[in-house]
Amino acid sequence: MSAPTTCDRTRLRVRVSGAVQGVGFRPYVYGLAMRYGLAGFVINGPEGVTIEVEGHRASEFVATLPLEAPPLARIDHICVRETAALAAKDFSIGSSEGGKLSTQIVADAAACQQCLRELFDPENRHYLYPFISCCHCGPRYTIAERLPYDRRNTVMGAFRLCAACAAEYADPASRRFHAEAIACPTCGPRLSHGISAIVAAIAGGQIVAIKGLGGYQLLCDARNQDAVQRLRRRKQRLQKPFAVMVDSIERVSDIAEANAPELALLESVARPIVLLSSRNNLAAAIAPGLSRVGVMLPVAPLHHLILHALRSAGACARTGPVIVATSANRCGEPLLIDNAQALRRLKGISDLIVTHDRDIVTRADDSVVSVVADRPQFIRRARGYVPEPIRLAKSVPPVLAVGGALKSTVTITRDNQAFVSQHIGDLDTAEGIRTFEETIRHLTSSLDVEPLAIAHDLHPDMASTRFAEANGRALVAVQHHHAHAAAVIAEHGHTGPALALVLDGHGLGSEGGNWGGELLLCEGTRCRRIGHLAPLQMPGGDRAAREPWRMASAVLHELGRGNEIGRRFAAQRQAGCVSALLEQPGGATTTSAGRLFDATAALLGIASLQSYEGEAAMKLEALVRRTAILESGWTIAGAVLSLRPLFARLIADDIDAVGGAGLFHGTFAAACVDWVTRSARTTGVNTVVLSGGCFLNAALADEIPRGCSAAGLTPLLPRRVPPNDGGLSLGQAWIAALQIAQQSSARGGTA
Amino acid sequence: LSHGSGGRAMAQLISGLFHQAFGNEWLARCNDQSAFDVAAGRMVMTTDGYVVSPLFFPGGNIGSLAVHGTINDVAMSGARPLYLSASFIIEEGFPFSDLKAIADSMGAAARSAGVYIIAGDTKVVERGKADGLFISTTGIGIVADGLDLSADKARVGDRVLVSGSLGDHGVAVMSKRQNVAFQTEVVSDSVALHNLVAVMVAAGGSGIRVMRDPTRGGLAATLNEIAHQSELGFRLQEASIPVKPAVAATCELLGLDPIHVANEGKLVAIVAPDLADAVLAAMKAHPLGADAADIGEAVADNRKFVQMATGFGGRRIVDWLWAEQLPRIC
Ligand SMILES: [Fe+3]
Ligand SMILES: [Mg+2]
Ligand SMILES: [Zn+2]
Ligand SMILES: [Zn+2]
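Residues numbered from 1 in each chain as written. Chains lettered and ligands numbered in written order. Predicted model: local features only at pLDDT ≥ 70, side-chain atom pairs only at ≥ 80, totals over all residues. Heavy atoms only, no water.

**Digging into the overall build of chain B**
Moving on, step 1. Helices and strands together make up the secondary structure of chain B, namely 9 helices and 13 strands.
Moving on, step 2. Taken over the C-alpha trace, chain B has a radius of gyration of 21 Å; the compact-globule value for 330 residues is 20 Å, and the two agree within 12%.
Moving on, step 3. Across its three principal directions, the C-alpha atoms of chain B cover 65 × 55 × 35 Å.
Moving on, step 4. In chain B, which comprises 330 residues, the proportion classed as buried is 54%.
Moving on, step 5. For chain B, the share of sequence-separated contacts (at least 6 apart) that also reach a separation of at least 24 residues comes to 86%. (Helix = DSSP H or I, 4+ residues; strand = E, 2+ residues; numbered from the N terminus. Rg over C-alpha atoms; globule rule 2.2 N^0.38 Å. Buried < 20%, exposed > 50% of the residue type's maximum accessible area, 1.4 Å probe, protein only. Contact = heavy atoms within 4.5 Å.)

Next up, the structure:
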């Protein structure tokens, strides 16, 4: 921009959009203006923050603005315009501009370093106060009742600021200037129990429920096998792994191996659970049969206080405290957030229930992430990430997408953004469905949009589909695997055609049937199934998904070795009957990829039954030391990929579980690369979307994209939403929004 | 059976068959309609179409099923069933012997129920236009004064009673269809329930708010319908729902849930809490209600959920399904 010639003072009007409200952005701007000796003002407005600065170092100000922004700020766009100089003398922080306010709330953030210093500083008035926070940290999304994000619109409105807090709140030079959640021991929320009582209980092997940022959590000593097993029994959670919390980043290496991106992720303000390669030195019941363990650092000041006190108690002097931190709910139900409910429903589960009087408005489970090919991949996206929007390739009409039935999320589009809800959970309980409906209401009203259509899965018996049908808006049904593919297309802003390799558990096919290992050709709203895995019988429908030995039986039958079923699975009551069932023509079949993992795990003697989704596949993956490829272990005929030769090898007597696991993963990945490469050649499409729940498998998620790249293709992996059903709603939303946009432009064209 | 040619001879053959099987004074008069006297009271009427594959299954066939089903639909109002009509759509080439067997079992079913089939019709259609045989039946009955059962009458606190083990009919048909009879053979429960209804009405009177026979879609569909019509929810105890071991085993094999499987000789009654024990006792004293059970209660719920408490303090939604049980686990 050219310097003004009429005057040596430049006045610039700067508009900043993004997540810039409620994150300490105005005091930051104030400080920056002071540094460059500028006059003017900063004010919150409907689109973000508006700044006017005047002075000869105004351009330096603008150049620095995006570089030193506060930790929770996210700048999407800066627009600079010159205006006439007014010879203002000072710089002021204005209150909000009238009219509609920005509807962006940022995600909750872990306690910041400065707050932690104060937390453990005996001289500070926040000393040992579990609700310390500032502009750079603390709860946001989970405590907001409505917009704009102002203290009176959060649960903190119930707490009147004391004089000291009020002064910090009003001081532009303070870290707590307009920090809506600030509080101190004098004026803020209180914990029901002292830290010493909590710590004594944990150290004594008891199970403690605490109210975390996004909901209640259950804690116990992760090195106490008895305590962990008691937790499993009481929670009725037999095998599914628990996450653990360690007190500092230095201590992570005591229990797991973590590389640089994994450490960075652990320390990020979102503080997710990160899946790390375990050193297996915790209670065996933490993650039975798995090689990875979910690790997190303390999130809220309360976690810091507990871990600090545990360390001081010396109970774990040599090794530093490690505690189980798992969501407090009964298996499959939504996380508890309400005090009264927690007191009632956790009675039989935890020995001590610690509540406090800062309510949680929106529940948010701990997010779970792993690092795949040096970049994060979600397993569960919730606290710390929602309600951060996902940027779309273009502006689209507002639609609501309601996802699937398990690991549910919902998505709403607004302009060129998609807002994917936090992980809601499974929709097979009344609580789950209520939470799902509540989430839709909250998201719709906080975004202030009126969806034109509802996108849903093709499956008629999902609670989400029922909700969509009862809603009265236009409906767009999106096939399950098309949605999986579209989620990745949407987050990458990919336009033009793409091949999609969707390796998944199950979805209803577009003409019925059970799909799950699909090669799709997607473009715009259209999707064509150009290949699939060879169909395999699934004796007993959903039962076959819970009982891997049934899929193994289907494989044996297919290989003409059905007579071995009874011997191999003698422990299964129905083993004798299943072989007869498999003889019947016309039974249900599936092209599922997930069920192949199940079958392999059962054939190798790793898991005949599973108590949680993906158990068999995860235990199989845990045995992989080195992958190996069985040459000619697969056939491709008419774009149907069959792994029959691989299975024939896997059932041989000279293969052990470790060898079999390596061979299965390596060969399946190689087969997929071969399959995709051939299809890329015949279609001329070189972008390959990789999606579906099986991409949570580290070996697949590593080797398939690598193979695709080596073949000159461009692989796209899910990075902003999980590859599993937690990502469905984004894909559904994108397809539906494009479809509505097309329809209205078609109507516009003919009118 | 043939279609078209020789129409008259064929019609005579068929009507002879039915007259013989159903044998009663009304049919014997060979009119296009039958006249009958009615007692004082309120009449109820129902109609139903029967399509089942296979037509013959352990414990019955499409004919006995049509009679029992229609009688039961009448009886679920608390009424005494009186007369039935039956209309047959027969596919060309359908074996005469099968038709005779079916007609005979219809006649026997009606006779043992004390109900008369007094009007009927047959049509033979071209090959491929019907899957063997379809039967449509209409039934009428008479209901005592003061009894007004209706699916919108359930109230919060009411008990949910079932008259016996669930899933027998559906499993019998399915195991025949899938040829999984290597399991212990399961026999359809197809039976007329009006006599059981009579003893229940005697014991519970207007304390019986709703009765339904959980046929297609099973207990789950029936309770969801009642929940929606009565605008409340139900909470069931899985452990108290009677299911025969052989039915449970076949359901396990096929991956089905007995509460979604059809019944043809069971009823669900929603009964006022103070009369529930008396009604249950009356049911248990009747041979068709020996295995009757109290399986749950009606609760206030604006979402009208039917929920079932499972083993470990968990509770899951009992859905109604669109068609058969489609796999859902991703
Ligand atoms: Fe899926
Ligand atoms: Mg009917
Ligand atoms: Zn802070
Ligand atoms: Zn204060």
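**Considering the sheet that holds strand 16 (residues 390–396) of chain A**
Pairing between the strands of a sheet comes from backbone hydrogen bonds, and it takes one of two forms, parallel or antiparallel.
Residue and element names in this part refer to chain A.
Moving on, step 1. Judged by pairing direction, the sheet is mixed, and its 5 strands sit side by side in the order 16-18-17-19-20 without closing on themselves. Each edge of the sheet is formed by a strand with only one pairing partner; in this case those strands are strand 16 and strand 20 (474–478). Direction aside, the axes of adjacent strands within the sheet are offset by 30° on average.
Moving on, step 2. Pairing analysis gives 5 bridges linking strand 19 (residues 453–457) to strand 20, with the strands arranged parallel. Across the sheet, the residue bridging to Asp457 is Val478, located in strand 20.
Moving on, step 3. Across the sheet, helix 11 (residues 430–447) lies against strand 17 (399–401) and strand 18 (411–420), angled at about 160° from strand 18, the strand it touches most.
Moving on, step 4. Helix 12 (residues 463–471) contacts strand 17, strand 19 and strand 20 of the sheet and is inclined by roughly 155° relative to strand 19. (Pairing = 2+ DSSP bridges. Axes fitted to C-alpha atoms, helices over the stretch in contact; angles between N-to-C directions.)

**Quick word on the domain arrangement of chain A**
Moving on, step 1. We note that the domain assignment places domain 1 (10–93), domain 2 (195–370), domain 3 (389–478 + 723–747) and domain 4 (531–716) within chain A.
Moving on, step 2. Between domain 1 of chain A and domain 3 of chain A, the C-alpha centre-to-centre distance is 36 Å. (Domains from an automatic or database assignment.)

**Some words on the coordination of the zinc ion (ligand 3)**
Six octahedral donors around a metal ideally subtend angles of 90 or 180 degrees, whereas four tetrahedral donors ideally subtend 109.5 degrees.
All names here are of chain A.
Moving on, step 1. Within the protein, Cys112 (SG), Cys115 (SG), Cys134 (SG) and Cys137 (SG) serve as the donor atoms for the zinc ion (ligand 3), at 2.2 to 2.3 Å.
Moving on, step 2. Spacing between the donor residues of the zinc ion (ligand 3) along their common chain follows C-x2-C-x18-C-x2-C. Placement of the pair is Cys115 in helix 3 (residues 113–119) and Cys134 in the loop between helix 3 and helix 4 (163–170), with a sequence separation of 19 residues.
Moving on, step 3. For Cys134, a relative accessible area of 2% corresponds to the buried category. (Donors = N, O, S within 2.8 Å, 3.2 Å for Na, K, Ca; no water.)

**Some points on the coordination of the magnesium ion (ligand 2)**
All names here are of chain B.
Moving on, step 1. Taken together, Asp48 (OD) and Asp73 (OD) make up the protein donors of the magnesium ion (ligand 2), found 2.1 to 2.2 Å from the metal. Here Asp48, found in strand 1 (residues 42–50), pairs with Asp73, found in helix 3 (residues 62–75); they are 25 residues apart in sequence, far enough to count as distant.
Moving on, step 2. You can call Asp48 partly exposed: its relative accessible area is 26%.

**Details of the UniProt feature "domain: Acylphosphatase-like" (unreviewed entry) in chain A**
Moving on, step 1. Within this numbering scheme, the UniProt entry marks residues 11–95 of chain A as carrying the feature "domain: Acylphosphatase-like" (unreviewed entry).
Moving on, step 2. Strand forms 44% of residues 11–95 of chain A and helix 21%; the C-alpha atoms that close the span are 21 Å apart. (UniProt positions renumbered as here; feature names shortened; annotations may be inferred.)

**Brief notes about the packing of helix 21 (residues 657–683) of chain A against helix 22 (residues 698–710) of chain A**
All names here are of chain A.
Moving on, step 1. Orientation of helix 21 relative to helix 22, taken along the N-to-C sense of each, is 35°, at an axis distance of 9 Å. For the pair helix 21 and helix 22, the sense of crossing is right-handed. Note on element contacts: helix 22 touches helix 21 through Ala699, Leu700, Glu703, Ile704, Gly707 and Cys708, opposite His665, Gly666, Phe668, Ala669, Cys672, Val673 and Val676.
Moving on, step 2. For the contact of helix 21 with helix 22, a count of residues per class yields 9 nonpolar, 3 polar and 1 charged. (Left-handed = near helix turned anticlockwise from the far one by under 90°. Nonpolar A, V, L, I, M, F, W, Y, C, P; charged D, E, K, R; others polar.)

**Structural notes on the interface of chain A and chain B**
Moving on, step 1. With 41 residues of chain A in contact, the opposing surface of chain B contributes 30 residues.
Moving on, step 2. Each partner contributes to the roughly 3000 Å² buried at the junction of chain A and chain B, and carbon and sulfur atoms together form 55% of this total.
Moving on, step 3. When the buried area of chain A at its contact with chain B is split by residue, A:Asp461, A:Asp542 and A:Gln574 rank highest and sum to 17% of it.
Moving on, step 4. Connecting chain A to chain B are 4 salt bridges. (Buried area = accessible area lost by both parts, 1.4 Å probe. Salt bridge = Lys/Arg side-chain N within 4 Å of Asp/Glu carboxyl O.)

**Some words on the pattern of salt bridges**
Close approach of charged atoms lets side chains of opposite charge pair.
All names here are of chain A.
Moving on, step 1. Counting across every chain of the model gives 55 salt bridges over all chains.
Moving on, step 2. Of the charged contacts in the structure, one is a salt bridge between Glu118 and Arg175, with a shortest N-O distance of 3.0 Å. One end of the pair, Glu118, is in helix 3; the other, Arg175, is in the loop between helix 4 and helix 5 (195–203), with 57 residues separating them in the sequence.
Moving on, step 3. Look at Arg175 and you get buried, because its relative accessible area is 17%.
Moving on, step 4. Between Arg706 and Asp702 there is a salt bridge, with its nearest N and O atoms 3.0 Å apart. Residue Arg706 and its partner Asp702 are both found in helix 22; the two are separated by 4 residues, about one turn of the helix.
Moving on, step 5. A cluster of three or more residues bridged by salt bridges with shared partners is formed by Glu118, Arg125, Glu168, Arg175 and Arg176.

**Quick word on the domain arrangement of chain B**
All names here are of chain B.
Moving on, step 1. By domain assignment, chain B separates into domain 1 (7–143) and domain 2 (159–317).
Moving on, step 2. Of note, the centres of domain 1 and domain 2, computed from C-alpha atoms alone, are 27 Å apart.
Moving on, step 3. Across the interface of domain 1 and domain 2, roughly 1700 Å² is buried in total on both sides, 63% from carbon and sulfur atoms.
Moving on, step 4. The largest contributions to the domain 1 side of the interface with domain 2 come from Pro58, Asn72 and Met76, which together make up 36% of the buried area.
Moving on, step 5. The interface formed by domain 1 and domain 2 holds 0 salt bridges in total.
Moving on, step 6. Scanning the region where domain 1 abuts domain 2 turns up 7 residue pairs in polar contact (both at pLDDT 80 or more).
Moving on, step 7. Looking at the side of domain 1 that touches domain 2, the elements that each hand over two or more residues are strand 2 (56–57) and helix 3.
Moving on, step 8. Sorting elements by how many residues they give to the side of domain 1 that touches domain 2 places helix 3 first, with 8 residues.
Moving on, step 9. Broken down by class, the residue content of the side of domain 1 that touches domain 2 amounts to 12 nonpolar, 7 polar and 1 charged. (Polar contact = N/O pair within 3.5 Å; in protein donor to acceptor, adjacent residues only side chain to side chain.)

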